[in-house]
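# Structural overview
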Amino acid sequence: MKSVLNQLIQLQELNFAKEEQRAASSKMPLEQLEKAVANIRAQLPADVADRYDRLQKRFPLAVVPLAHGNCSRCGLAVPAQVVNAAKAGEQLQNCPHCGRFLYFPDTVARQPKKMYDGKHPVEVGIARFSAANLMVPKLAAATREEVIGELAKTLTDGGFIEDGATVTELALRREAIISTAVEHGLAFPHVRDVEGGGLTFAVGLKEKGLDFGGHEGRLSKIFFFIVIPTPATAFYLRLLAGLVRTFESSEARKALLDCEKPEQMWKTLTKLTRETIP
Ligand SMILES: [Zn+2]
């Protein structure tokens, strides 16, 4: 059963990666994605694949984690025996309310606070999702693993996530399914289904670029590491679209990559995204 569930989760990640590519208006061939999707589908029992297809027409995310005994998407309480069966991994479980496939997450990332705390004036633009102390103008990282580790640590040090190690592991699992590198030297490593908090991202720069698994060995230079709470999934795709729209421009990329200090980088990013992320 565990393997069927893992295949379902992978299938969903690949389908969601297509959404991400669309949001990023990527011109990269979807061939690799389609092939991987077909591969996993072929391994799934036919009835499970059919059920997944039906669910996926209604919900972009059809395989979801339990959260404190509730379905994390529809939010309704799930009977204890379903929770226990999901935990034991005996049989595929579905939410009795919305029908989505349920799983018991082995690791959960948590955020201690929201960017917006309700006490200060409402922020606009990217100030809702990031801050000067989440900018890393000169990443020390030399590999994909190190980029993710360094940006997770930045988020942890800033008090925006609780456990950098868990977030790093979850982001690497996602990269293992398919790289989040897109065109123009951009990459969007991320972790979804984070509990609590709000959509938050850290940004790291590596001017000479590094191999993040981009198409045909192209190097990535600008890394947006995004932590996405369950209710913010749709918004995340809009943020992704806005960031790609901004950095399609080589002048915008140069302006950001030229930054030496976090404050300067934050100011530049704020200015550049004023129109694309209102
Ligand atoms: Zn549900």
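Residues numbered from 1 in each chain as written. Predicted model: local features only at pLDDT ≥ 70, side-chain atom pairs only at ≥ 80, totals over all residues. Heavy atoms only, no water.

## What about the packing of aromatic side chains?
A full pass over the atoms with the stated rule returns six aromatic pairs. Judged by centre distance (5.4 Å) and plane angle (40°), the ring pair of F129 and F235 falls under tilted. Here F129 is found in the loop between β4 (101–103) and β5 (135–136), whereas its partner F235 is found in helix α7 (residues 233–247), with 106 residues between them in sequence. Classification of F129 as buried rests on a relative accessible area of 6%. (Phe/Tyr/Trp six-rings, centres within 6.5 Å; stacked < 30°, edge-to-face > 60°. Helix = DSSP H or I, 4+ residues; strand = E, 2+ residues; numbered from the N terminus. Buried < 20%, exposed > 50% of the residue type's maximum accessible area, 1.4 Å probe, protein only.)

## Some words on the coordination of the zinc ion
Around the zinc ion, the donor atoms from the protein are C71 (SG), C74 (SG), C95 (SG) and C98 (SG), and they sit 2.2 to 2.4 Å away. Seen from the zinc ion, its four donor atoms lie at angles of 101 to 121°, and the figure they make is tetrahedral. Read in sequence order, the donor residues for the zinc ion give the motif C-x2-C-x20-C-x2-C. Linking C71 in strand β2 (residues 70–71) with C98 in the loop between β3 (93–94) and β4, this pair joins segments that are 27 residues apart in sequence. (Donors = N, O, S within 2.8 Å, 3.2 Å for Na, K, Ca; no water. Tetrahedral: all angles 85-135°; square planar, octahedral: opposite > 155°, others 65-115°.)

## With respect to the pairing of strand β9 (residues 220–229)
Regular strands place their side chains on alternate faces of the sheet. Across the ten residues that make up β9, a large majority, nine, are buried. Sheet topology note: the strand β6 (residues 186–187)/β9 ladder contains two bridges and is parallel. Within the sheet, the bridge partner assigned to L186 lies in β9 and is I222. Examined bridge by bridge, strand β7 (residues 190–194) and β9 share three bridges and lie parallel to one another. Paired with V194 across the bridge in β9 is P229. With seven bridges joining them, strand β8 (residues 200–210) and β9 adopt antiparallel strand pairing. Looking at β9, one finds that L210 is bridged to S220. (Pairing = 2+ DSSP bridges.)

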